[in-house]
Amino acid sequence: MAAAAGRSRLWAPMYSQKELTSKKRDEFEDILEERRQSSDLRYAMKCYTPVIYKGLSACKPSAIKDSVLQSEQLQYVIKQLSKEMGESTDIIQEEAIEILDEMGHNLHIGAIRFFAFSLSKIFKRLFQKVCVNEEGIQKLQQAIQEHPVVLLPSHRSYIDFLMLSYLFYTYDLALPVIAAGMDFLGMKIVGELLRRSGAFFIRRTFGGNRLYWAVFAEYVKTMLRNGYAPIEFFLEGTRSRTAKTLTPKFGLLSIVMEPFFKREVFDTYLVPISISYERILEESLYAYELLGVPKPKESTSGLLKARKILSDNFGSIHVYFGQPVSLRTLASGRIDRCPYRLVPRHLPQRLSEDIQDFVTDVAYKMELLQIENMVLSPWVLIASVLLQNLPAIDFELLVEKTLWLKGLTQAFGGFLEWPDNLCANKAVTSSLALHSNIVSLVNGQVVLNDVGMEDGATEDLVFKQALSILMCGAYRNQLLNVFVRPSLVAVALQMTQSFRKEEIYSCFNFLRDIFFDEFIFFPGIALKDFEEGCFLLTKCDVIQVTPQEILVTEKGNSVAAFLAALFRPFMEGYQIISRYLSKETKEAFTEKQFILGIRNFAFQLLETGSTQCYEVLSSDLQKNALAAFVRLDIVRRMKTTNGFTYTVNKEALNKTAEMFDSPIPIRKLVTARL
Amino acid sequence: MPGAPISACSASRPPQRVTSHPAAQHGSAMAAAAEAAAGSGPGSQPPAQRRLRILSGHLQGSPASRAPEAERFLSPSQCRAGGAAEQPVASTIPKKRQEILKWNGWGYNDSKFIFNKKGQAEFTGKRYRLSGMVLPVLKEWMEKTLGASLEHKITSRAFLNTSDVPPSIVNEEFLQDLRATKISYSQEAEDRVFRAHGHCLHEIFVLREGMFKRIPDIVIWPGCHDDVVKIVELACKHNLCIIPFGGGTSVSSALECPADERRTIVSLDTSQMLGESGYCTGHEPDSMEFSSLGGWVATRASGMKKNIYGNIEDLVVHIKMVTPRGVIEKSCQVPRMSTGPDIHHFIMGSEGTLGVVTEVTIKIRPIPEYQKYGSVVFPNFERGVACLREIAKQRCAPASIRLVDNAQFQFGHALKPQVASIFTSFLDGLKKFYITKFKGFDPNELCVATLLFEGDREKVLQHEKQVYDIAAKFGGLAAGEDNGQRGYMLTFVIAYLRDLGLDYYVIGESFETSVPWDRVIDLCRNVKERIVRECKEKGVQFAPFSTCRVTQTYDAGACVYFYFAFNYRGISDPIHVYEQIETAAREEILANGGSLSHHHGVGKLRKQWMKESISDVGLGMLKSVKEYVDPNNIFGNRNLL
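Rules behind the numbers
- Residues numbered from 1 in each chain as written.
- Chains lettered and ligands numbered in written order.
- Predicted model: local features only at pLDDT ≥ 70, side-chain atom pairs only at ≥ 80, totals over all residues.
- Heavy atoms only, no water.
- UniProt positions renumbered as here; feature names shortened; annotations may be inferred.
- Helix = DSSP H or I, 4+ residues; strand = E, 2+ residues; numbered from the N terminus.
- Buried < 20%, exposed > 50% of the residue type's maximum accessible area, 1.4 Å probe, protein only.
- Areas by Shrake-Rupley, 256 points an atom, 1.4 Å probe, with all protein chains shown as cover.
- Phe/Tyr/Trp six-rings, centres within 6.5 Å; stacked < 30°, edge-to-face > 60°.
- Lys NZ or Arg CZ within 6 Å of the ring centre and 35° of its normal.
- Domains from an automatic or database assignment.
- Contact = heavy atoms within 4.5 Å.
- Buried area = accessible area lost by both parts, 1.4 Å probe.
- Salt bridge = Lys/Arg side-chain N within 4 Å of Asp/Glu carboxyl O.
- Core = buried A, V, L, I, M, F, W, Y, C linked by side-chain atoms within 4.5 Å.
- Pairing = 2+ DSSP bridges.
- Axes fitted to C-alpha atoms, helices over the stretch in contact; angles between N-to-C directions.
- Patch = residues over 30% accessible without salt bridge, like charges linked within 9 Å, V, L, I, M, F, W, Y side chains within 5 Å.
- Lys, Arg positive; Asp, Glu negative; His and termini not counted.
- Charge placed at Lys NZ, Arg CZ, Asp CG, Glu CD.
- Polar contact = N/O pair within 3.5 Å; in protein donor to acceptor, adjacent residues only side chain to side chain.
- Nonpolar A, V, L, I, M, F, W, Y, C, P; charged D, E, K, R; others polar.

An unreviewed UniProt entry annotates chain B as Alkylglycerone-phosphate synthase originating from Chrysemys picta bellii. Note on chain B: under the UniProt heading Subunit (unreviewed entry), the record states "Homodimer." If you open the UniProt record of chain B and go to Cofactor (unreviewed entry), you find "FAD".

Under an unreviewed UniProt entry, the name given to chain A is Dihydroxyacetone phosphate acyltransferase, and the source organism is Chrysemys picta bellii. Quoted verbatim from the Sequence similarities (unreviewed entry) field of the UniProt record, the comment on chain A reads "Belongs to the GPAT/DAPAT family." Listed under Subunit (unreviewed entry) in UniProt, the entry text for chain A is "Part of a heterotrimeric complex composed of GNPAT, AGPS and a modified form of GNPAT."

Enquirer: Is there a simple way to think about the overall build of chain B in this case?
Expert: Scanning chain B for helices and strands turns up 19 helices and 18 strands. Buried positions account for 62% of the 641 residues belonging to chain B. Only carbon and sulfur atoms are counted for the fraction: they give 53% of the accessible area of chain B, which is about 23900 Å².

Enquirer: Just checking my understanding: could you explain the packing of aromatic side chains for this structure?
Expert: Both the distance between ring centres and the angle between the ring planes are used here to describe each pair of aromatic rings. Under the definition given, this model contains 47 aromatic pairs over all chains. Ring plane angle 75° and centroid distance 5.9 Å describe the contact between Phe-28 of chain A and Tyr-320 of chain A, whose orientation is recorded as edge-to-face. Placement of Phe-28 of chain A in the loop between helix H1 (2–11) and strand S1 (29–30) and of Tyr-320 of chain A in strand S8 (residues 316–321) is noted, with a sequence separation of 292 residues between them. Positioned over the ring face of Phe-314 of chain A is Arg-279 of chain A, at 4.3 Å from the centre of the ring. Across from the ring centre of Phe-381 of chain B, 5.5 Å away, lies the NZ or CZ of Lys-528 of chain B, which sits over that ring.

Enquirer: Got a minute to help me understand the domain arrangement of chain B in this structure?
Expert: Size of an interface: often given as the accessible area lost when the parts come together. Residues and elements named next belong to chain B. Taken domain by domain, chain B comprises domain 1 (113–146) and domain 2 (370–492). For domain 1 versus domain 2, the separation of C-alpha centres amounts to 24 Å. Opposite the eleven residues of domain 1 that make contact, domain 2 presents ten residues. Across the domain 1 to domain 2 interface the summed buried area is about 960 Å²; carbon plus sulfur atoms make up 69%. Of all residues in domain 1, Arg-129, Leu-130 and Trp-141 bury the most surface against domain 2, accounting for 47% of the area lost on that side. Our count for the contact surface shared by domain 1 and domain 2 stands at zero salt bridges.

Enquirer: What's the story with unusual backbone geometry in this structure? I'm lost.
Expert: The bulk of non-glycine residues show a negative phi, and the bulk of peptide bonds are trans. Residue and element names in this part refer to chain A. The residue after Leu-390, namely Pro-391, is reached through a cis peptide bond having omega 5°. Unlike most non-glycine residues, Asn-443 shows phi in positive territory, near 50°. Mapped onto the elements of the fold, Asn-443 is located in the loop between strand S13 (439–442) and strand S14 (445–448). Residue class for Asn-443 comes out exposed when judged on its relative accessible area of 74%. Phi is positive for Gln-497, close to 50°, though the residue is something other than glycine. Here Gln-497 is to be found in the loop between helix H20 (461–496) and helix H21 (501–514). Overall, Gln-497 belongs to the exposed group, its relative accessible area being 62%.

Enquirer: Help me understand the UniProt feature "site: Important for enzyme activity" (unreviewed entry) in chain B, please; the structure alone is not making it clear to me.
Expert: Here, the residues flagged by UniProt with the feature "site: Important for enzyme activity" (unreviewed entry) are Arg-402 of chain B. Residue placement: Arg-402 of chain B occurs in strand S13 (residues 400–404).

Enquirer: So what exactly am I meant to see when it comes to the nonpolar core here?
Expert: A general trend in soluble globular proteins is that nonpolar side chains are found buried together. Counting residues in each nonpolar core, the largest one holds 172 residues, and the members touching the most others are Val-319, Phe-321, Phe-483, Leu-511 and Leu-581 of chain A. Broken down by element, the residue count for this core peaks at 22 residues, all from H20 of chain A. In this structure, Leu-511 of chain A is in contact with Leu-488, Val-491, Ala-492, Met-495 and Met-571 of chain A, ignoring residues within four places of it in sequence. In terms of nonpolar packing, the next biggest core, distinct from the first, is built from 96 residues, Phe-123, Cys-396, Ala-397 and Tyr-496 of chain B among them.

Enquirer: How should I be thinking about the sheet that holds S14 of chain A in this particular structure?
Expert: One key point about sheets: their strands pair by backbone hydrogen bonds, in either a parallel or an antiparallel sense. Residues and elements named next belong to chain A. Judged by pairing direction, the sheet is antiparallel, and its three strands sit side by side in the order S11-S14-S13 without closing on themselves. Bordering the open sheet on either side are strand S11 (392–394) and S13, each of which pairs with just one other strand. Between one strand axis and the next, the sheet turns through 25° on average, direction left out of account. As paired elements, S13 and S14 share four bridges and run antiparallel to each other. Bridging across to S14, Val-439 finds its partner in Leu-448.

Enquirer: Would you take a moment to explain a negative patch on the surface for this structure?
Expert: Together, Glu-27, Glu-29, Glu-33, Glu-34 and Glu-135 of chain A make up a region of like negative charge exposed at the surface. Take Glu-135 of chain A: it is sitting in helix H8 (residues 134–146).

Enquirer: Help me understand the sheet that holds strand S4 (residues 134–135) of chain B in this model?
Expert: Residue and element names in this part refer to chain B. Read across the open sheet, the three strands follow the order S2-S3-S4; overall the sheet is antiparallel. Here the strands that pair on one side only, and so sit at the sheet edges, are strand S2 (113–115) and S4. As paired strands, S2 and strand S3 (residues 121–123) are joined by three bridges and run antiparallel to one another. Across the sheet, residue Phe-115 finds its bridge partner in S3, namely Ala-121. Against the sheet, helix H16 (residues 480–503) engages S2 and S3, with an angle of about 40° to S2.

Enquirer: Sorry, what's going on with the interface of chain A and chain B here?
Expert: Contact residues are listed per partner, giving 17 residues for chain A and 16 residues for chain B. A combined buried area of about 1500 Å² lies between chain A and chain B, and 33% of that area is made up of carbon and sulfur atoms. In this structure, Arg-345 of chain A engages Asp-522 of chain B in a salt bridge whose closest nitrogen and oxygen atoms are separated by 2.8 Å. For the pair chain A and chain B, the interface holds nine residue pairs in polar contact (both at pLDDT 80 or more). When grouped by side-chain class, the residues that make up the side of chain A that touches chain B number five nonpolar, three polar and nine charged.

So this is what it looks like as structure tokens:
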């Protein structure tokens, strides 16, 4: 593929294979320790003088709003719209003001102190520890003074941005302004409080509304250019219900990169932040959501009801601030000349293809960095082992296997935080205790609990089983992005039953294509991914690689089997979905119909016991599969007046199904470089 | 004065025109325009008179006399050194340039910065306003800003070692033909080395410490247009390479001989071709004392007062150029004509690649009766730029208006001469107090616009008020004539200062660009920051001096001028490091939407960016012109394309 080849030259400087041998990472400090020892009130009233950007022109939030409204950029769009719609500019200007008011943050020290106080109280009750790498904070502090900073945290919980702002306050850093979903505005007092602590609100969808887009983009860029405060948003776009990193969204990222492209700023720092929870606050909510029970709308009263979780223990949080990445360095050699040179800078311009590719690559790179620095708890390992040994596993065996998996994870470059000096036995016991809502120890056997609705509504067995498996799966999932490359090699070995490198690679490539929405792969470098997978497996003595062949070693068999099994839910899930598509659907369908259909189909299979793959019930997996099928032209997507409809391309589908099922060589790829 | 004055163009005072005879020296020599440097403080004498001198230097002279003997030419006028204050008009650049000009640095032999016995900086000679003065704070500035120290000195070798100089290889048949024309020439090492370079940093560095790989084999001084025609014919006949030379003030490596040129290289020095006149063009590039009219044309030069008089393309009425294909010129001397693309635009900016300009007719203007300097202090650079933009928009820019950033403002102060009276220093203190304490300007943020008004007295005063009124709207405070005047002085002595720096491990250079108004601030900030960052990355141990000024204003944008210098102690290959940083700075300029050059030209230094600057087709057009005009590449300096 010419395009792919062209692309592959470009990523080279950007994607450097990470050092796979025990990467040096910073030490963590527990910030709650001090909170437990001194007055929260005094802490909330402490002298707060954050370091600021060297080029900052100090201004109030209202001044920012004014300069947004008066900006040439926005005025231009307003004039355009007025011409097109035949309305007076005043009316559109009014509209813009409304949008801005709805959106705008209103950073206020009082609100911050209020939060500092109440969050201290809440966090201390919820969490045992909040661990932060202070070296990362120091680097960030440096970065904030040099250039505008964009914070890119992972998103697993609502706690994420509260926690970040809290940390920034604690470490005397300028509080970030945060792009938050509009749903929070529904929460009466909390919405306003959030706004005053720096959140600005964006509608979830506004693709078609040019005025909204213009106001929003200009608002973000103005804050960035002025160096007003670090800007924070979530590349993943929404909380990941599965704890797997979601594929990145590019809209906001391209907005914050634009001032650099236009050279309105010298550079911009992107800071990947990995926030990992030993136990996720919303764990059961997510599982319900994935099974199609709609999530409750955010409301203040809902929050109050959630009070009772305050009595629960949610273990530790680890926040890792990655090394700030200079956008200029990323762009150098790639986007040295911008197409913006020939157009006045205030005119809105479509991004060129080069720049779009660049934005995409940066987004993936940042997510890969998030993954790299994401702390894995022992429980993640336990959950992975447990899910392969249902319905029950002997405690001693579980400990043994967990310990074994610990070694493997570290060899693969996973960032494990093993509780200080705890022997494996104790570590596992305390993890089991922390997650006693999901697992319990019965007669020396570890089993999954039946998780039921709190109100005790009767449900059938499949649903209950699925709930606990999905909850457990959300922890296993944290391991997957670290394991995906070697594992897919293992899966490919299993599928092809072949030794020939070429065949294995083409199977790997097929899997990578299919799972591109499921796991995070840097675009366009399948071969490198393959090599990395092989390298890791070789390192662990699982395989031996010769120029033509890949051979599984004797003692590697069990490892390979484990690795393949780790991804079996996805393999099976996609198989079931493709079976469903080929058998059940004839007409065009909508996404909703698809999800309902597949759910019923899967329920039947599970009830009859013809599959054990409960995870196919996850709407996340279902949507990803649909997206993958659309991407690979197995399903065609058409736009209609109210959304999209889909039709199946049976021929292509059959081919894919065959590939899933048969060990026959897939397709001949040119793999000259192998 | 040949060429009757024709009343033409503008408003009430019709400019007059003079055909300056040969006048021109061609020069790929360019530099010309180069604000790059140059001496002559515009100061001590009535400016009008001074300008007249300079002009007459360029235009006046014995009409290309028929007897081209060396001695003759030395005599009369052709005073290229017009700026020289105390010198009579007769001051001139002789064929033996080294007799009055430095061979390894900028400007006149008698003018240079030194540290006297007390360790104070002093400017020697008598030519400039600053000459003979002591500059008590310069040393401290150098120490503080550049980390230079008087203890670490590195001196240039004192004499040119002629045994190092590549031998002159000239074919005997050509020499015979040349002798027959009676045109004067020289094969002496010193003459040839002098014409092997311009004033780029690396060229000066080579002069101080090394030797050029390739230099001209022979220097020829034509006396008139016909001489040039003969030389070009001979060059075609014997297949030689001609490199025209004007003032030698190039800052684009334009005079550098291509190292792999196998043919005999002829340096065609036009400095002895003279015209006659007695008027004023108003074209005042900073290198004015040394650069030449032909060079101005060949590089698309720009002068400080272009707001009144225009850039070279606005001044030129008629050009005559000798090319290998023949002589090119228009048939009449008219203000404008619609006869297809203007052929002058093939010549202006051709940088010596097409031929030699032998005659130029330019517009001249009566000498203005009144001249006044001024200055405005702004709280910061952003406000200053906004003000200049507004002034440009209202089209009321004075003859010159420049906005220097804070670093350059402080640099200017380092050049303050010793204050004679207590009263003056008291006044200075008071002014400083008023601006920083009373008005609350941050002394590390504020910046200054320097102004120069010209015209009749009443209009100047009126104009001045208008400009100050606009400035006030942008928070500007009038800051007196003295600050303004010193700002202009800086541009004339900066090149002398570089020589001083070179003695103390400090290397520096200037470069320029033009940029649309909305990008001026971002470009200035980014380029300066890039320089600082690159220095750090390349292991420069001291913070660099990197500063800029908005030096020209236009309707659609501005010309921005950068100075950049650093202390290279501890670096083994300073020139290479310097070049890398300059390249990075140029990349930064281009990325910020700036141009490749506003007036320094392309030469060989900036050739690598030509294609992206003017597109493939554009470059092809220029190449096809070259192909037609000079198929055998007689004018083989390899500039531009």
